[in-house]
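Tertiary structure, described
Each chain, written out:
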Amino acid sequence: MARFGRGRAAGSVAPRRGGRVAAYGALGALSRLLEIVVAVVAGIIAVGVLLVVLEANRSNDIVKTIHDAAQWLVGPFKDFFSLDNAKLQVAVNWGLALLVYVVVGRAVAGLLRRPRP
C-alpha cells in the first residue's frame, strides 16, 4: 500500500508545539501588552502633533481631550528645544517624545519576549 504525505500514518496528528504564549510564557503576553500600550501612546502623540500643526479647533471636546492627553504624555519633553515657530517647536519636541516612547518601549518588549530556557 502506497503512503502519501511525509511518512505519517493516515489519521495521525502531528504533535502540537504550543502557541506563542507557551513558547514565551507570561512574559511574552506582558511583552505584547506593552507593545499595544506603546502603540496607543504613540498614536495619541502623533494625532496631538497633527492637531497642533493643523490648528484644530481647541474648543471641540474631542480635540481638547486628545490634545490634553498628548500634552500630559510629552510632559518631560516640554520646551526641550526652544524654537521661534511654535508649531515647529511642538512638532520637534513631541516628535522626540514619540521616538523615545517607541524605542524604549520596543526595547523593553523585546527583552521580555526572549524565549524562556
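Before any of the text, the structure's been laid out above.
Everything numeric in this text was worked out from a predicted model, so none of it was measured. (Residues numbered from 1 in each chain as written. Predicted model: local features only at pLDDT ≥ 70, side-chain atom pairs only at ≥ 80, totals over all residues. Heavy atoms only, no water.)

1. Focus on helix α2 (residues 61-73)
The criterion, for reference: Put simply, DSSP marks the helices as runs of H or I at least four residues long and the strands as runs of E at least two long, and each gets a number from the N terminus on. Take the residue count of a helix, subtract one, and multiply by 1.5 Å to get its expected span. Remark: exposure states derive from per-residue accessible area (1.4 Å probe, protein chains only) relative to the maximum for the residue type, with buried under 20%, exposed over 50%, and partly exposed in between. This arc describes the spread of directions from the helix axis toward the C-beta atoms. Within 3.5 Å is the distance limit for a polar contact, defined as a pair of N or O atoms, with the added protein rule that one can donate a hydrogen and the other accept it, and that residues adjacent in sequence qualify only through two side-chain atoms.
Between its first and last C-alpha, α2 extends 18 Å over 13 residues, near the 18 Å set by a 1.5 Å rise per residue. Here α2 has its buried residues at Val 63, His 67, Ala 70 and Leu 73. Taken end-on, α2 shows its buried residues confined to a sector of 125 degrees, consistent with a single buried face. Opposite its buried face, α2 presents the exposed residues Asp 61, Thr 65 and Trp 72, each directed more than 90 degrees away. The distance from a side-chain oxygen at the start of α2 to the backbone nitrogen of Ile 62 is 2.8 Å, and the residue carrying that oxygen is Asn 60.

2. A short note on the nonpolar core
Under the convention used in this document: Among the buried residues, those of types Ala, Val, Leu, Ile, Met, Phe, Trp, Tyr and Cys that are joined through side-chain atoms within 4.5 Å form a nonpolar core. What makes two residues a contact is simply this: any of their non-hydrogen atoms within 4.5 Å.
With 11 residues, the main nonpolar core is built from Val 41, Ile 45, Val 49, Val 52, Ala 70, Leu 73, Val 74, Phe 77, Val 90, Trp 94 and Ala 97. Listing elements by their share of this core, those giving two or more residues are α1 (20-53), α2 and α3 (86-112). In terms of residues, this core owes the most to one element, α1, which gives 4 residues. Beyond its immediate sequence surroundings of up to four residues, Ala 97 is in contact with Val 74 and Phe 77.

Function cannot be read off these values alone, since they describe shape.
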